[in-house]
Amino acid sequence: MEKKLKVALVHDWLANYGGAETWCELALDIYPDADIYTLVYDKKKMKGHFEKNKIFTSRLQKIPFATKIYTKLLSFMPAAFESFDFSGYDLVICSSSSCAKGVITPPSTAQVAYVHTPMRYAWDLFFDYRKRSGLLTRFFMDRWMPKIRLWDYVSAQRIDTVIANSKYIARRIKKFWNRDARVIYSPVNERRFYPSSKTEKKEDYYVFFSRLVQYKRADIAINACASLGKKLVVIGGGPCEKELKKIAAGNANIVFAGRADDQTVRNYFYKAKALIFCAEEDFGLTPLEAQACGTPVIAFGKGGATETVLDKKTGVFFPEQNAASCAAAIKEFESLEAAGNFDPKKIVAHAKSYSRERFIKEFKAACEETLAAVNGEQKRGKGAPQKNK
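Residues numbered from 1 in each chain as written. Predicted model: local features only at pLDDT ≥ 70, side-chain atom pairs only at ≥ 80, totals over all residues. Heavy atoms only, no water.

Undergrad: Please explain the overall build of the protein as it appears in this structure.
TA: Counting secondary structure elements, the protein contains 14 helices and 13 strands. Computed over its C-alpha atoms, the radius of gyration of the protein comes to 22 Å, within 12% of the 21 Å expected for a compact globule of 389 residues. Counting only C-alpha atoms and orienting by the principal axes, one finds that the protein spans roughly 75 × 50 × 40 Å. Counting over 389 residues, the protein shows a buried share of 51%. When contacts within the protein are restricted to residue pairs at least 6 apart in sequence, those whose partners lie at least 24 apart make up 64%. Accessible surface, the protein: about 19500 Å² in total, of which carbon and sulfur atoms supply 53%. One finds the centroid of the 63 positive side-chain charges in the protein at a distance of 3 Å from the centroid of its 43 negative side-chain charges. (Helix = DSSP H or I, 4+ residues; strand = E, 2+ residues; numbered from the N terminus. Rg over C-alpha atoms; globule rule 2.2 N^0.38 Å. Buried < 20%, exposed > 50% of the residue type's maximum accessible area, 1.4 Å probe, protein only. Contact = heavy atoms within 4.5 Å. Areas by Shrake-Rupley, 256 points an atom, 1.4 Å probe, with all protein chains shown as cover. Lys, Arg positive; Asp, Glu negative; His and termini not counted. Charge placed at Lys NZ, Arg CZ, Asp CG, Glu CD.)

Okay, here's the thing in structure tokens:
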């Protein structure tokens, strides 16, 4: 009888449900009995998710209000993840945008890291975060970040197989860790985003759909639409909501819809002329979700969105991350739309190429190849002569 594979899934933290947590559920579709290891776990916010699996948290879980202040604990994260014991596991899968990929596994255990991004606040966005931080935070950033960067680089060398969610992230992995990464695109959730069962008539408005945080740059979409007198529906909530409403004050064309359920979001997508996407994202899942509904995209032409949107076929790009460039792209889009460039059926077909089935097939193959390579090394090592005795 074949031995049952023992698998662990390591994730940065389970404190809010978002795209990275959706990815973890995909991994659990492949390895449903995997144990989960994470920095901190908020059971209430994760209600309905991961409840069938054993969840092991780090010692930082014991800190009061840990599930609220975990982002402030960066300097303690490396040691927390390195304290997990993976003896007896055949395969360890890391879902990482921070420190999760830095676990220590035995040589006989295969480690696969799916990297959503190397930690941005340590590398390419360090100076941006520093500018927006207070004096005390800057003091600790300057003191701790060199050690964090060194650990981040060194721990990346321990991974057997590094997988990136886009070519853009693979380039950053090569830049910061000097590791080659295989690219396996995350899938669009076709259970949540799909075309309408009836022919929807497009209405004269655009949509912005995201958490309202600074780097998503909703201000660009708001200012661009305001300058052109175009209607924009902003879907989502977050810490920047009050500031964004101040920017839009007095403009009846800018509508804040707040947080919305999937059906409401789909209905907005079905009738919108296009999604406006202003962030420099690692992958660009939101543009795919819009395209899965048959809606084209006006996107900032940098980052993962350049890999998920086809220029002048499923959307258009604006080259500079500002309102003037976005406004020019809206004009270009409307010209191409009038010429019939954007066929909803072709847009949906493009989104379907990022299917769940394709992801599962490619990711499972990567894990099996890594397991075979590690097992092969172990078998060869048993009978090999010892060197430098």
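Moving on, there is more to tell.
Undergrad: How do you make sense of the sheet that holds strand 2 (residues 35–38) when you look at a structure like this?
TA: Paired through backbone hydrogen bonds, the strands of a sheet run either parallel or antiparallel to each other. Across the sheet, seven strands lie side by side as 3-2-1-4-5-6-7; this open sheet has parallel pairing. Of all the strands in the sheet, the pair left with one neighbour each is strand 3 (55–57) and strand 7 (182–183). Of the strand pairs in this sheet, strand 2 and strand 3 are connected by three bridges, and their pairing is parallel. Looking at strand 3, one finds that Tyr37 is bridged to Phe56. (Pairing = 2+ DSSP bridges.)

Undergrad: Is there a simple way to explain a nonpolar patch on the surface in this structure?
TA: A surface patch of nonpolar side chains, amounting to about 270 Å² of accessible area, comprises Ile63, Phe65 and Ile69. By the element assignment, Ile69 lies in helix 2 (residues 66–69). (Patch = residues over 30% accessible without salt bridge, like charges linked within 9 Å, V, L, I, M, F, W, Y side chains within 5 Å. Salt bridge = Lys/Arg side-chain N within 4 Å of Asp/Glu carboxyl O.)

Undergrad: Mind showing me how you'd approach the pairing of strand 2 here?
TA: A regular strand places its side chains so that they alternate between the two faces of the sheet. Side chains Asp35 and Tyr37 project from strand 2 onto one buried face, and the interleaved Ile36 and Thr38 project onto a second face that is buried too. When strand 1 (residues 7–11) meets strand 2, the two strands line up parallel, connected through four bridges. Looking across to strand 2, one finds that Ala8 is bridged to Asp35.

Undergrad: Looking at this structure, I do not really get the packing of aromatic side chains. What am I missing?
TA: In this description, an aromatic ring pair is defined by two values, namely the gap between the centres and the angle between the planes. Inspection of every chain in the model, using the stated rule, returns 23 aromatic pairs. Aromatic side chains Phe84 and Phe86 sit 6.3 Å apart centroid to centroid with 65 degrees between the ring planes, which places their arrangement in the edge-to-face category. Taken as a pair, Phe84 and Phe86 share a single burial class, namely buried. Note on Tyr205 and Tyr268: the rings are 6.3 Å apart at their centroids and 90 degrees apart in plane angle, and the pair reads as edge-to-face. In this pair, Tyr205 sits in the loop between strand 7 and strand 8 (206–209) while Tyr268 sits in helix 9 (residues 262–271), placing the two residues 63 residues apart along the sequence. (Phe/Tyr/Trp six-rings, centres within 6.5 Å; stacked < 30°, edge-to-face > 60°.)

Undergrad: When you look at the sheet that holds strand 11 (residues 274–277) in this model, what are you seeing that I'm missing?
TA: Read from one edge to the other, the open sheet built from six strands follows the order 10-9-8-11-12-13, with strand pairing classed as parallel. Every interior strand has two partners, whereas the edge strands, strand 10 (254–258) and strand 13 (315–318), have only one. The mean inter-strand angle of the sheet, taken between neighbouring strand axes irrespective of direction, is 25 degrees. Where strand 8 lies against strand 11, two bridges are found, and the strand directions are parallel. Note on strand 11: the bridge partner recorded for Val207 is Leu275. (Axes fitted to C-alpha atoms, helices over the stretch in contact; angles between N-to-C directions.)

Undergrad: Whenever I open this one, the nonpolar core confuses me. Can you help?
TA: Inside soluble globular proteins, nonpolar side chains tend to come together where they are buried. Ranked by size, the top nonpolar core spans 41 residues in total, and within it Val10, Leu39, Phe81, Phe86, Val92 and Met119 carry the most contacts. When residues of this core are traced back to their parent elements, those giving at least two are strand 1, helix 3 (77–82), strand 4 (91–96), strand 5 (110–115), helix 5 (135–156), strand 6 (161–164) and helix 6 (167–177). When residues in this core are grouped by element, the largest group, six residues, is from helix 6. Setting aside anything within four residues of it in sequence, one finds Leu39 in contact with His11, Asp12, Trp13, Thr57, Ser58, Leu60, Gln61, Tyr70, Met77, Ala80 and Phe81. (Core = buried A, V, L, I, M, F, W, Y, C linked by side-chain atoms within 4.5 Å.)

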